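These are the residues of each chain, in order.
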Amino acid sequence: MSDKPRVAFFDFACCEGCQLTVLSIGEPLVTLLGHVDVVTWREAISEKSDDFDIAVVEGSITRDSDVARLKKIRDKAKVLVALGSCATLGGVQGLGNTFDRSELLSLVYGEAGSQFEAGEVRPISAEVPVEISIHGCPINADEFVAVMEHLLLGRPYRVPNEAVCYECKLNQYECVFDRGDICLGPVTRGGCNAICTSKGHRCFGCRGIMDQVNLHAARDVLEEHGLKLEDILGMFKVYSLRASPEEKMTEVEREKARKAEPWRFGSTTSLA
Amino acid sequence: MEIRVDHVTRVEGHGNIVASLDDGRLKQAFFQVVEANRFFEGILRGRDWLEVSHIATRICGICAVSHCYASLQATEAAMGIRVSDQTRLLRRLTMNAEQISSHALHVYFLAAPDFLGLPSVLPLIKQDPDTVLRAFRLKNTGYDLGAMVLGRHCHPVSAIPGGFTAVPKLSEVSKMRERLVDLRKDLDITVELFQKLDVPAFDRETEYVSLRRPDHYAWMGGEIASSDGGAVAADSYRDAVKEFVVPHSTAKHARWHREAYRVGAVARLNNNWQQLRPEAKKAMQALGLKPPVHNPFLNTVAQVVELVHCVEDSIAASDEILKVGLNEEDVDVQPRPGRGVGLAEAPRGLLIHDYTYDERGRCTKANCIIPTAQNYANLDADMRAWLPQLASQPKEEITLKLEMLVRSYDPCISCSVH
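Residues numbered from 1 in each chain as written. Chains lettered and ligands numbered in written order. Predicted model: local features only at pLDDT ≥ 70, side-chain atom pairs only at ≥ 80, totals over all residues.

**A short note on the overall build of chain A**
Along its length, chain A carries eleven helices and six strands. Taken over 272 residues, chain A has a buried fraction of 46%. (Helix = DSSP H or I, 4+ residues; strand = E, 2+ residues; numbered from the N terminus. Buried ≥ 20, exposed ≤ 12 C-beta atoms within 10 Å, placed from the backbone.)

Now the structure itself:
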């Protein structure tokens, strides 16, 4: 057996787009594969091993019956990396937490719904300790390579904690609010190099709300454009239901957030 | 003899093979789908029209572009939104991109190791680096072509109802065209490689279902056509696709005229091969495919033919773009109530999104029908038909063959459950 770090990939409820993003790194991935042994990766290889150092886990936990498999992975791994928004936040399926689960089951399966299992959607950190979170829906491939480099060199990895706004401004993209749209950029964790606003779209908040979010500054940005914080609260539900900034809000704002509906444009939208 | 494979490898998502033979006779054989449901049809309800495609696209990481376009077409049909010729051209280019990257992934990384007697492509990195680099070149050119237009192939950024929030520069299109032209050499070698590989001898005729259009090899829109005859328009898809629940799968199964039907590359080839580009028809002949083909394993070979078709069609679409240019077009959407159905051919086959919106542009009802889910009943029927034919072989060999059969479908399991 070689003395290279042994890496294993696993996934729970997700689209596997983050693992696909890893597969699409191309030649740098071939280089990386020279420095590690990938011992388990159901999506890509048939080799299997329970002996690994680094576990990379994509997906959210949605069924209690999946917890045991996650805990087994955690027990064997020296380092556990949460890969992508489903693993770090719960992902878009977290919206399911706002519905009655038996109603969701009967919507999809009809009367047979009771045969199937559905539980609270949660990030893997709700069940096991996680050493490194790679946020994003999907992840930024460069960040995955950077995380692996840090692990191989034994250096601590700093998870980006600047707002998407910061990266957007560094790139000198046109402000989404100035175009008349709304955007979660002021409060969302960056590290994506503002890819969505680079293409003329808004930030949907896929990397979650940054730590120590400056809600005052966010309020100022919104007020400059005639908006209030509650105008964007409905949008938070798509990714950040669990990681909402609720504890940073006033009681009145908290109540509004619970009732918030998706923000929408007036009668007409112009995006170009 | 009991055969059980928990979590088949080199496929997207979690599924198990359950099969048993009693004295050489079939007792049972099925593909058990254990993937968790994410309830997309439920969670789309209440979301704003601009959020709907953002969320629905995330049903699948491999075929995100197909989901994106099925979703956008459903919203556009519901709200009576018309798109420009430029939007149609960019969508055609990026649907090709998706087939290229997805087919290259399946053909080289997921399916080919079986034919070479390897557990994965990893041993090839040392033994045959040229093949691995060629596989990456094909896959990543498709990926980068998608990213050039969409900002990101998985999950697209710039495609919204009515058009695009940004368009690529012509210089980027021109450079990408060169990379596509360079792929022709890689495709020639890929065709040669697959000429040499033997697929298991197993034929079982079934019903083949795909989109069909009068004007070209169909990737979006058109009607849903069956090899058994008959075709239905988008809005009447429920007359064709009849979904049902089985206890061994968290994904629903589907049937049309018979107990099962097949979608995907082999179905498209059987139904529409006359519309392939000349280079792809040549590849089809070189690979010895004579439609209709009834061997399920030839789905992978049909994907090689489609790779050639999509690269050539991307070159042609790039030429059209370079001739007419690209403009930043304003997208004005007036949300209005209604119902719409969007159709696409994802790499794995027919994909349907069906939405209803209220007067505020809020989604009130959603239904998504996934190619892999439509294939499960046919996969189970293949397993039941083939297993007795394999009965005299050792258990390990039978197990591997059943895994190969599952992989030949290129299943996208988490997508099928969604």
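**Side note on the overall build of chain B**
Each helix and strand counted, chain B has 14 helices and 15 strands in total. In terms of overall dimensions, chain B is globule-like: its C-alpha atoms have a radius of gyration of 21 Å, near the 22 Å expected for 418 residues. Here the C-alpha coordinates of chain B stretch approximately 65 × 45 × 40 Å along the principal axes. Scored against the burial criterion, the 418 residues of chain B give a buried share of 58%. Within chain B, residue pairs in contact and separated by at least 24 positions form 73% of the contacts whose partners lie at least 6 positions apart. (Rg over C-alpha atoms; globule rule 2.2 N^0.38 Å. Contact = placed C-beta atoms within 7 Å.)

**Description of the interface of chain B and chain A**
With 57 residues of chain B in contact, the opposing surface of chain A contributes 55 residues. For the side of chain B that touches chain A, the secondary-structure elements that each account for two or more residues are α1 (40-43), α2 (49-56), α5 (122-127), α6 (129-150), β12 (331-333) and α14 (413-417) of chain B. The greatest single-element share of the side of chain B that touches chain A, amounting to five residues, is contributed by α6(B). When the residues that make up the side of chain B that touches chain A are grouped by side-chain class, the tally is 24 nonpolar, 18 polar and 15 charged. (Nonpolar A, V, L, I, M, F, W, Y, C, P; charged D, E, K, R; others polar.)

**Considering unusual backbone geometry**
The linkage connecting A:Cys137 with the following residue, A:Pro138, adopts the cis geometry, with an omega of -5 degrees. One can find A:Pro138 in the loop between β5 (132-134) and α6 (141-153). Going from B:Cys154 to B:His155, the amide bond is cis rather than trans, its omega being -10 degrees. Summarising the element assignment, B:His155 is placed in the loop between α6 and β4 (159-160). Even without glycine at this site, A:Asn193 takes up a positive phi of about 60 degrees. A residue is classified by how many C-beta atoms lie within 10 Å of it, and A:Asn193, with 16 of them, is partly exposed. Despite not being glycine, B:Asp410 shows a phi value in the positive range, around 50 degrees.

**Section: the sheet that holds β5(A)**
Residues and elements named next belong to chain A. Taken together, the five strands give an open sheet; going across it, the order is β2-β1-β3-β4-β5, and neighbouring strands pair in parallel fashion. In this open sheet, the two strands that pair with only one neighbour each are β2 (37-41) and β5. Here the strands of the sheet are splayed against their neighbours by 20 degrees on average, with no regard to which way each runs. Looking at chain direction, strand β1 (residues 6-11) and strand β3 (residues 54-58) are connected through five bridges and run parallel. By the bridge assignment for β3, Val 7 is matched with Ile 54. On top of the sheet, α6 reaches β3, β4 (79-83) and β5; it is set at about 160 degrees to β5, its chief contact. (Pairing = 2+ DSSP bridges. Axes fitted to C-alpha atoms, helices over the stretch in contact; angles between N-to-C directions.)

**Structural notes on helix α5 (residues 101-109) of chain A**
Those residues of α5(A) lying buried are A:Leu104, A:Leu105 and A:Val108. Relative to the axis of α5(A), the buried residues are bounded by an arc of 100 degrees and lie together on one face. Exposed side of α5(A), more than 90 degrees from the buried face: A:Ser102 and A:Glu103 are the residues found there. Looking at the packing, one finds that the buried side of α5(A) touches α1 of chain B. The first or second residue beyond α5(A) is A:Gly110, which carries a positive phi of 65 degrees. (Arc of directions from axis to C-beta.)

**A look at the domain arrangement of chain A**
Accessible area lost upon the coming together of the parts is a frequently used measure of interface size. All names here are of chain A. Split into domains, chain A comes out as domain 1 (6-153) and domain 2 (164-259). Relative placement of domain 1 and domain 2: their C-alpha centres are 26 Å apart. Each partner contributes to the interface: domain 1 provides 16 residues, whereas domain 2 provides 14 residues. Of the residues that constitute the side of domain 1 that touches domain 2, the class distribution is five nonpolar, nine polar and two charged. (Domains from an automatic or database assignment.)

**Description of the nonpolar core**
Residues A:Ala55, A:Val57, A:Val81 and B:Val305 are the most contacted members of the largest nonpolar core, which totals 211 residues. Counting residues per element, this core draws most heavily on helix α4 (residues 85-116) of chain B, at 13 residues. Each of two domains, domain 1 (6-153) and domain 2 (164-259) of chain A, supplies a minimum of three residues to this core. Look past the residues within four positions of B:Val305 in its chain and what remains in contact with it is B:Leu269, B:Leu276, B:Ala280, B:Ala283, B:Met284, B:Leu287 and B:Leu289. (Core = buried A, V, L, I, M, F, W, Y, C linked by C-beta atoms within 7 Å.)

**What about the confidence of the model for chain B?**
Averaged over all residues, the pLDDT of chain B is 96; the fraction at 70 or higher stands at 100%. Two numbers describe this predicted complex: its pTM, 0.95, and its ipTM, 0.94. (pLDDT = per-residue confidence, 0-100.)

**Concerning the environment of A:Thr98**
Turning to its location among the elements, A:Thr98 is positioned in the loop between α4 (85-88) and α5. C-alpha separation for the pair A:Thr98 and A:Glu120, spaced 22 residues apart in sequence, amounts to 9.8 Å.

**Section: the packing of α2(B) against helix α3 (residues 64-79) of chain B**
Residue and element names in this part refer to chain B. At their nearest, the axes of α2 and α3 sit 8 Å apart, and the two run at 155 degrees to each other. Relative to α3, the element α2 lies roughly antiparallel. You can see that α2 and α3 cross each other, and the crossing is right-handed. Residues Trp 49, Val 52, Ser 53 and Ala 56 of α2 pack against His 67, Cys 68, Ser 71, Leu 72 and Thr 75 of α3. Here the contact of α2 with α3 is built from residues that sort into five nonpolar, four polar and no charged. (Parallel < 35°, antiparallel > 145°, perpendicular 65-115°, else oblique. Left-handed = near helix turned anticlockwise from the far one by under 90°.)

**Concerning the packing of α3(B) against α4(B)**
All names here are of chain B. Contact geometry for α3 and α4: axes closest at 8 Å, N-to-C directions at 145 degrees. Contact residues: Val 65, Ser 66 and Tyr 69 in α3; Arg 91, Thr 94, Met 95, Ala 97 and Glu 98 in α4. Classifying every residue of the contact of α3 with α4 gives four nonpolar, two polar and two charged.

**Some points on the environment of B:Arg47**
Residues and elements named next belong to chain B. By the element assignment, Arg 47 lies in the loop between α1 and α2. Owing to 26 C-beta atoms within 10 Å, Arg 47 belongs among the buried residues under this scheme. When the C-alpha positions of Arg 47 and Val 246 are compared, they lie 30 Å apart, and in sequence the two are 199 residues distant.

**Regarding the sheet that holds strand β6 (residues 207-212) of chain B**
Residues and elements named next belong to chain B. Taken in spatial order, the four strands of this open sheet run β8-β7-β6-β11, and their pairing is mixed. In this open sheet, the two edge strands, each paired with only one partner strand, are β8 (231-232) and β11 (261-262). Relative to β8, strand β7 (residues 223-226) runs antiparallel, the two sharing two bridges. In the sheet register, Ala 225 faces β8, and the bridge partner there is Ala 231. Most of the contacts of helix α9 (residues 265-272) go to β6, to which it runs at about 75 degrees, and overall it touches β6, β7 and β11.

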